[in-house]
Amino acid sequence: MAEVVVLRRSNPDGRPLLTLLGRVYLGVAFVFLFLPIITLLVFSFQKNQYASIPGQGWSLRWYEKLFSDDMLLSALSNSLIVSPIAATAASIIGFCAAYAVNRFVFPGRSTLAVVIVLPILIPPLILGIGFLGLLSRLHLEGQLLSVIIAHIALTTPAAMAIIQLRLSQLPASLEEASWNLGATEWQTLWKVVLPCAASGIAGGWLLAFTFSFDEFVIAWFVSGFQPTLPVTIYTYLAASADPSLNAIASIIFVFSGLLLAGAELLVIPMVIRASSPGRRSVPA
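1. Looking at the overall build of the protein
From N to C terminus, the protein includes twelve helices and zero strands. Along its sequence from the N terminus, the protein presents helices and strands in the succession α-α-α-α-α-α-α-α-α-α-α-α. Excluding contacts between residues fewer than 6 apart, the proportion of contacts in the protein whose partners are at least 24 apart in sequence is 74%. Taken as a whole, the protein presents about 17300 Å² of accessible surface, with 71% of it coming from carbon and sulfur.

So, in structure tokens, the structure goes:
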């Protein structure tokens, strides 16, 4: 049997060097992004009043103080009221819009898609001023309802994008088969389309919830005397550097990270299916 010898060529084009530089650059970028967050987490467990390296001991005193602060707990309660409502409304509106754009041809179809996505393209400062003027004319300023309305407009594009990605992977023949078997359009929507699009709707809801829970600029303009948690944290920072803010910021980071991880677990399989050539999507 003839022996096959494979010679490893030297790479005169310098690709290994480029690969190494790329990895180093990526590592530096990750350190730059996550080092402040890691520092924040470490400082939240320090015992002393002022953060220092090395610290003077470790303690949970700032977390204990956090859960005894009525103002922060009230703001957290407001955020936990606003975010689920805004995310649910954004998911419903996003599904309706995505289904209409994906399944029907009608005048103004492209305009509808652009109008729904438009709020996420506008700078939050401009959007906050606009909502403040609009809600003031409607006598709705300074209420949780005003924050909910603003957050619905802000988070609907994100929810719609994920739901539309899922709907685009569902073949139209599923609905046609349901109709041929005697189901009405509403029965098909309820028993076929919604279950098949459930992963997209759940991913859109989680992303919308995260955006609403962490949003500050628009809530600062329209919340008035019903501030959400990010607005209250900003108020505390403007007044003094309270170490308990490290604790609340750490909790928000971990909570938001878990929500985003859940959204990614739902979205990544859809992206992989969408990018796979020659592979027809089937319901998950």
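2. Re unusual backbone geometry
In the Ramachandran plot, His139 falls in the positive-phi region, its phi being about 60° despite a non-glycine side chain. Take His139: it is sitting in the loop between helix H5 (124-137) and helix H6 (144-168). Judged by relative accessible area, which is 65%, His139 ranks as exposed.

3. As for the nonpolar core
Note on soluble globular proteins: their nonpolar side chains tend to be buried together. Core analysis: the biggest nonpolar cluster contains 21 residues, and Leu229, Ile233, Ile248 and Ile252 have the highest contact counts within it. Residue assignment for this core shows that the elements contributing at least two residues are helix H2 (61-66), helix H3 (70-103), helix H9 (198-214), helix H11 (229-239) and helix H12 (244-275). Other than its neighbours up to four places away in sequence, Ile252 contacts Phe213, Asp214, Leu229 and Ile233.

4. As for the packing of aromatic side chains
The full count for this structure, using the stated rule, is eight aromatic pairs. Feature note: the residues Trp205, Phe209, Phe213 and Phe255 constitute an aromatic cluster, connected by ring pairs.

5. Things to note about H6
Taking 1.5 Å per residue as the helical rise, H6 with its 25 residues ought to reach 36 Å, and the 35 Å between its terminal C-alpha atoms agrees with that figure. Of all bends in H6, the biggest is about 35°, found at Thr155, and the proline Pro157 comes one to four residues later. The buried fraction of H6 is high, at 18 of 25 residues.

6. Focus: the pattern of salt bridges
Tallying each qualifying case throughout the model produces one salt bridge. Among the salt bridges present, the one from Glu175 reaches Arg103, with a minimum N-O distance of 2.4 Å. Of this pair, Glu175 sits in helix H7 (residues 173-180) while Arg103 sits in helix H3; the two residues are 72 residues apart in sequence, bridging distant segments of the chain.

7. Overview of the packing of helix H4 (residues 109-121) against H6
Following both chains from N to C, one finds H4 and H6 inclined at 120°, their axes separated by 7 Å at the closest point. By the angle between their axes, H4 is oblique relative to H6. Crossing of H4 over H6 shows left-handed handedness. Of H6, the residues touching H4 (which contributes Ala113, Ile116, Val117, Pro119 and Ile120) are Ala153, Leu154, Thr156, Pro157 and Met160. For the contact of H4 with H6, the class distribution of residues is nine nonpolar, one polar and no charged.

8. Focus: helix H8 (residues 185-196)
Here H8 contains twelve residues, and its C-alpha end-to-end distance of 15 Å stays within 8% of the 16 Å for a straight helix at 1.5 Å per residue. Residues of H8 that are buried: Thr188, Leu189, Val192, Val193 and Cys196. Taken end-on, H8 shows its buried residues confined to a sector of 125°, consistent with a single buried face. The exposed set on the far side of H8, more than 90 degrees from its buried face, consists of Trp186, Trp190 and Lys191. Residues of H8 that are buried in the fold lie against H3, H6, H7 and H9.

9. Overview of the confidence of the model for the protein
The share of residues in the protein with pLDDT of 70 or more is 86%, and the mean pLDDT across the chain is 80. The low-confidence segment residues 1-11, where pLDDT is below 50, has one contact with residues more than four positions distant or belonging to other chains. Note on residues 279-284: pLDDT under 50 across the span, and twelve contacts to partners over four residues away in sequence or across chains.

10. Some thoughts on the environment of Val217
Its place among the elements puts Val217 in helix H10 (residues 217-222). Residue Val217 is classed as partly exposed on the basis of its relative accessible area of 27%. Placed 88 residues apart in sequence, Val217 and Ile129 show a C-alpha to C-alpha distance of 9.6 Å.

11. A look at the packing of H3 against H4
Their axes nearest at 10 Å, the elements H3 and H4 cross at an angle of 150°. In terms of orientation, H3 and H4 fall into the roughly antiparallel class. Pair H3 / H4 crosses with left-handed handedness. Note on element contacts: H4 touches H3 through Arg109, Leu112, Ala113 and Ile116, opposite Ala97, Val101 and Asn102.

What counts and what doesn't
- Residues numbered from 1 in each chain as written.
- Predicted model: local features only at pLDDT ≥ 70, side-chain atom pairs only at ≥ 80, totals over all residues.
- Heavy atoms only, no water.
- Helix = DSSP H or I, 4+ residues; strand = E, 2+ residues; numbered from the N terminus.
- Contact = heavy atoms within 4.5 Å.
- Areas by Shrake-Rupley, 256 points an atom, 1.4 Å probe, with all protein chains shown as cover.
- Buried < 20%, exposed > 50% of the residue type's maximum accessible area, 1.4 Å probe, protein only.
- Core = buried A, V, L, I, M, F, W, Y, C linked by side-chain atoms within 4.5 Å.
- Phe/Tyr/Trp six-rings, centres within 6.5 Å; stacked < 30°, edge-to-face > 60°.
- Expected span 1.5 Å × (residues − 1).
- Bend = angle between axes of the 7 residues up to and from the residue.
- Salt bridge = Lys/Arg side-chain N within 4 Å of Asp/Glu carboxyl O.
- Axes fitted to C-alpha atoms, helices over the stretch in contact; angles between N-to-C directions.
- Parallel < 35°, antiparallel > 145°, perpendicular 65-115°, else oblique.
- Left-handed = near helix turned anticlockwise from the far one by under 90°.
- Nonpolar A, V, L, I, M, F, W, Y, C, P; charged D, E, K, R; others polar.
- Arc of directions from axis to C-beta.
- pLDDT = per-residue confidence, 0-100.

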